[in-house]
Amino acid sequence: MFATYLIGLREGLEATLVVSILVAFLVKSQRRDRLPQVWAGVGLAVALSVLFGWLIEYTSTSLFSRYEDRELFEAITSVAAVVFVTWMIFWMRRAARTIAGELRGKLTEALAVGSFAVAGMAFLAVIREGMETALIFYSAAQGAAGDSGPLLALIGGIVTAVVLGALLSASALRINLTKFFTWTGALLILVAAGILKYGVHDFQEAGVLPGLNDLAFDITGALDPSTWYAALLAGMFNVTPAPTVLETIAWIGYAVPVLLLFLRPARRKPAPAAKTTVTERGADTGTEAEAEAAATPQRA
């Protein structure tokens, strides 16, 4: 359940920070009249994300009658989830220091177009996080059919993210978001490695890949699956005592190189000379620095 809580926390905080940036910009630009459009776009994105998650579950449980077809569908969604996780953590690592400025620029353009553009901009800013959350949650929670624990953990992570985002926006909480996203990113890489391993197992169950009975090792005697710590490892990172050879290769082949690339120090470009600009209402955009510092992962 920790894995799904982490997914909800990470994705939820990203979405919350995006919404906080949009709201802070509108408030400081004296455009509170556009806030309802922002919340409408956010609400639609959340509703469609829930619908997308339900559609994935419905497709898996109701549209496929053959066991092999269900296993193949789960394998494909697992691989897709790994791709999304990998892209998401590297994108956030690269874009964290510029996302606020990019969002403000896009929202300025949307304000000039009209209400639908503002709602659409907010919708697009949130829908990606929602779709990713639904897909990753489905893949991470496979094997927990009939257990509401993963869903409750996901909701708990999202609620925690919303609370943290609200406290950050209100300047009531100060946390090092750079370190937060680094540590959660590293943990999500291990979660993704487990999802990929599960996907390989599903491919083997579906008969697409060979070696279902070729075990890499069997340490069941040392890692009893009935113990709490074995269940914790299996639930978080899909570490099992008797994996197949291909499962082991997939887990190690993904986790090791991706972790090394992610934790490698990023090259920093020289900062451009600071410029002072003025909004149409005569307000210095430098006044947005406080909101940006509280609502974006720019602090080192």
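Below is a summary of the structure that appears in this document.

Basis of the calculations
- Residues numbered from 1 in each chain as written.
- Predicted model: local features only at pLDDT ≥ 70, side-chain atom pairs only at ≥ 80, totals over all residues.
- Heavy atoms only, no water.
- Helix = DSSP H or I, 4+ residues; strand = E, 2+ residues; numbered from the N terminus.
- Buried < 20%, exposed > 50% of the residue type's maximum accessible area, 1.4 Å probe, protein only.
- Contact = heavy atoms within 4.5 Å.
- Core = buried A, V, L, I, M, F, W, Y, C linked by side-chain atoms within 4.5 Å.
- Expected span 1.5 Å × (residues − 1).
- Axes fitted to C-alpha atoms, helices over the stretch in contact; angles between N-to-C directions.
- Parallel < 35°, antiparallel > 145°, perpendicular 65-115°, else oblique.
- Left-handed = near helix turned anticlockwise from the far one by under 90°.
- Nonpolar A, V, L, I, M, F, W, Y, C, P; charged D, E, K, R; others polar.
- Patch = residues over 30% accessible without salt bridge, like charges linked within 9 Å, V, L, I, M, F, W, Y side chains within 5 Å.
- Areas by Shrake-Rupley, 256 points an atom, 1.4 Å probe, with all protein chains shown as cover.
- Salt bridge = Lys/Arg side-chain N within 4 Å of Asp/Glu carboxyl O.
- Phe/Tyr/Trp six-rings, centres within 6.5 Å; stacked < 30°, edge-to-face > 60°.
- Lys NZ or Arg CZ within 6 Å of the ring centre and 35° of its normal.

1. What about the overall build of the protein?
Point 1. A count of helices and strands for the protein gives 10 helices and 0 strands.
Point 2. Along the protein, helices (α) and strands (β) appear in the sequence α-α-α-α-α-α-α-α-α-α when read from the amino end.
Point 3. Counting only residues that meet the buried cut, the protein has 44% of its 300 residues in that class.
Point 4. A fraction of 82% describes how many contacts in the protein between residues 6 or more apart in sequence connect residues 24 or more apart.

2. Looking at the side chain of Gln204
Point 1. Residue position: Gln204 is located in helix H7 (residues 177–205).
Point 2. Given a relative accessible area of 3%, Gln204 falls into the buried group.
Point 3. Beyond its immediate sequence surroundings of up to four residues, Gln204 is in contact with Leu209, Pro210, Gly211, Leu212, Thr244, Leu246 and Glu247.

3. Description of unusual backbone geometry
Point 1. Of note in the backbone geometry, Gln30 takes a positive phi value of approximately 60° without being a glycine.
Point 2. On the secondary structure map, Gln30 appears in the loop between helix H1 (2–28) and helix H2 (35–63).
Point 3. Taking the relative accessible area as the measure of exposure, Gln30 reaches 54% and is therefore exposed.

4. Comments concerning the nonpolar core
Point 1. Counting 35 residues, the largest nonpolar core has Leu13, Leu103, Leu107 and Phe181 as its most contacted members.
Point 2. Those elements that place two or more of their residues in this core are H1, H2, helix H3 (67–95), helix H4 (99–113), helix H5 (115–140), helix H6 (149–169) and H7.
Point 3. No other element matches H1, which puts 10 residues into this core.
Point 4. Excluding anything up to four places from it in sequence, Leu107 contacts Leu22, Phe25, Leu26, Val118 and Met121.
Point 5. Core analysis: the second largest hydrophobic core is formed by 33 residues, Leu135, Leu154, Ile189 and Ile195 among them.

5. Observations concerning H7
Point 1. Over its 29 residues, H7 runs 41 Å from end to end, which matches the ideal 42 Å to within 8%, given 1.5 Å per residue.
Point 2. With its phi angle positive at about 85°, Gly207 sits one or two positions after the end of H7.

6. Side note on the packing of H4 against H5
Point 1. The N-to-C vectors of H4 and H5 enclose an angle of 155°; their axes lie 6 Å apart at closest approach. By the angle between their axes, H4 is roughly antiparallel relative to H5. The two elements H4 and H5 meet at a crossing, and its hand is right-handed. Along the contact surface, H4 presents Leu103, Lys106, Leu107, Ala110, Leu111 and Val113, while H5 presents Ala117, Val118 and Met121.
Point 2. Partitioning the contact of H4 with H5 into residue classes produces 8 nonpolar, no polar and 1 charged.

7. Some words on a nonpolar patch on the surface
Point 1. Residues Leu44, Leu48, Leu51, Trp54, Leu55, Tyr58 and Leu63 make up a contiguous nonpolar surface patch of roughly 680 Å² in combined accessible area.
Point 2. Counting through the fold element by element, Leu48 comes out in helix H2.
Point 3. Look at Leu48 and you get partly exposed, because its relative accessible area is 31%.

8. A short note on the packing of aromatic side chains
Point 1. A full pass over the atoms with the stated rule returns 6 aromatic pairs.
Point 2. Residues Trp54 and Tyr58 carry aromatic rings whose centres are separated by 5.1 Å and whose planes lie at 15° to one another, so their mutual orientation is stacked. Residue Trp54 and its partner Tyr58 are located together in helix H2, separated by 4 residues, close to a single helical turn.
Point 3. When the centroid spacing of 5.4 Å and the interplanar angle of 40° are considered together, the rings of Phe64 and Phe73 count as tilted.
Point 4. A relative accessible area of 24% places Phe64 in the partly exposed class.
Point 5. Three or more aromatic residues joined by ring pairs form one cluster here, namely Phe64, Phe73 and Tyr138.
Point 6. Its end group placed over the ring of Trp91, Arg128 keeps NZ or CZ at 4.3 Å from the ring centre.

9. Here we look at the pattern of salt bridges
Point 1. Throughout the structure, instances matching the rule amount to 8 salt bridges.
Point 2. Its salt-bridge partner being Arg31, residue Asp33 comes within 3.5 Å of it at the nearest N-O pair.
Point 3. You can call Asp33 partly exposed: its relative accessible area is 46%.
Point 4. Taken together, the salt bridges that share partners define one network made up of Arg31, Asp33 and Arg34.

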